[in-house]
Amino acid sequence: MIRKTLAATTLALTTLAALPAAADIITKMSPHSVPDTIDRLETAVAEAGATVFARVDHAEGATKVDMELRPTTLLIFGNPKLGTPAMLDGQTAGLDLPMRVLAYADDSGMVHVSYHDPATLAADHGLPDDAEYLTKMTGALDKLTDKAIAEE
C-alpha cells in the first residue's frame, strides 16, 4: 500500500514538474473581440518593425473536424535582431521563438490575451538570465499587448 502511494506521489510530482507554471504565462484582459484584438496586435507589431510570420485561427481549424471551439487565435511574430542572439546562446530557444500571443474568449465571452514570459527562455534553454534580448522581448510583448487591448 505504501509503495503504491509513494509511486503515485512520485508520478504526480514528476508530471507537475514537467508542466509550465501558470506564473510563466502572462495574461491580460481585452475589451475587444478576439479578431479585433489580434488585428490590433498585428498592427502594433508591424508598426514596431517586427515581422508577422503567421496567424492561426484555432476555432476555424476546429470547424474542419466538425468541432466547436470558442474564438481562439494565435499570432506568431518576431524580430531577428532579438531572436537570433537568443538562439546563438542556445539554439533550442528556436522551439519557443518567434514570439507567440494567444487571444481567446472564455466561456463567459471575456477575451484574454496570453503569452509566455520571455524570462522562461533562460531556464528552459540555458540562456543568460541577464541577457539584454530577454529584457527587450519582455518590454516589447508588454507594450504590444497593451496596444492591442487599449480602449482607444
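Keep in mind that what you see is a predicted model, and the values were worked out from it rather than measured. (Residues numbered from 1 in each chain as written. Predicted model: local features only at pLDDT ≥ 70, side-chain atom pairs only at ≥ 80, totals over all residues. Heavy atoms only, no water.)

Chemist: Can you lay out helix H2 (residues 34-47) for me, pointing to particular residues and giving the numbers?
Modeler: With 14 residues, H2 extends 20 Å between its outermost C-alpha atoms, agreeing within 8% with the 20 Å of an ideal straight helix rising 1.5 Å per residue. Here H2 has its buried residues at Val-34, Thr-37, Ile-38, Leu-41, Ala-44 and Val-45. All buried residues of H2 fall inside an arc of 120° around its axis, so they share one side. Opposite the buried face of H2, at more than 90 degrees from it, the exposed residues are Ala-46 and Glu-47. Of the surrounding secondary structure, the elements contacted by the buried residues of H2 are strand S1 (25-30), strand S2 (51-57), strand S3 (72-78), strand S4 (99-105), strand S5 (111-116) and helix H6 (132-149). At the exit of H2 stands Gly-49, carrying a positive phi of roughly 85°. (Helix = DSSP H or I, 4+ residues; strand = E, 2+ residues; numbered from the N terminus. Expected span 1.5 Å × (residues − 1). Buried < 20%, exposed > 50% of the residue type's maximum accessible area, 1.4 Å probe, protein only. Arc of directions from axis to C-beta. Contact = heavy atoms within 4.5 Å.)

Chemist: Account for the sheet that holds S4, naming residues and giving values.
Modeler: The five strands are arranged S1-S5-S4-S3-S2 in an open sheet whose pairing can be described as antiparallel. Strand pairing shows two members of the sheet lacking a second neighbour, S1 and S2, which therefore form its edges. Between one strand and the next, the sheet's axes are offset by a mean angle of 20°, whatever the strand orientation. As defined by bridge partners, S4 adjoins S5 across four bridges and the pair is classed as antiparallel. If you follow Tyr-104 over to S5, its bridge partner there is His-112. On the sheet, H2 packs against S1, S2, S3, S4 and S5 and is oriented at approximately 5° with respect to S3. (Pairing = 2+ DSSP bridges. Axes fitted to C-alpha atoms, helices over the stretch in contact; angles between N-to-C directions.)

Chemist: Any details on the packing of helix H4 (residues 80-89) against H6? Residues and values, ideally.
Modeler: Where H4 meets H6, the closest approach of the two axes is 9 Å, and the angle between their N-to-C directions is 140°. Between H4 and H6, the crossing angle belongs to the class labelled oblique. Crossing hand, H4 versus H6: left-handed. Residues Leu-82, Gly-83, Pro-85, Ala-86 and Asp-89 of H4 form the contact with H6, whose participating residues are Tyr-133, Lys-136 and Met-137. Residue composition of the contact of H4 with H6, by class: five nonpolar, one polar and two charged. (Parallel < 35°, antiparallel > 145°, perpendicular 65-115°, else oblique. Left-handed = near helix turned anticlockwise from the far one by under 90°. Nonpolar A, V, L, I, M, F, W, Y, C, P; charged D, E, K, R; others polar.)

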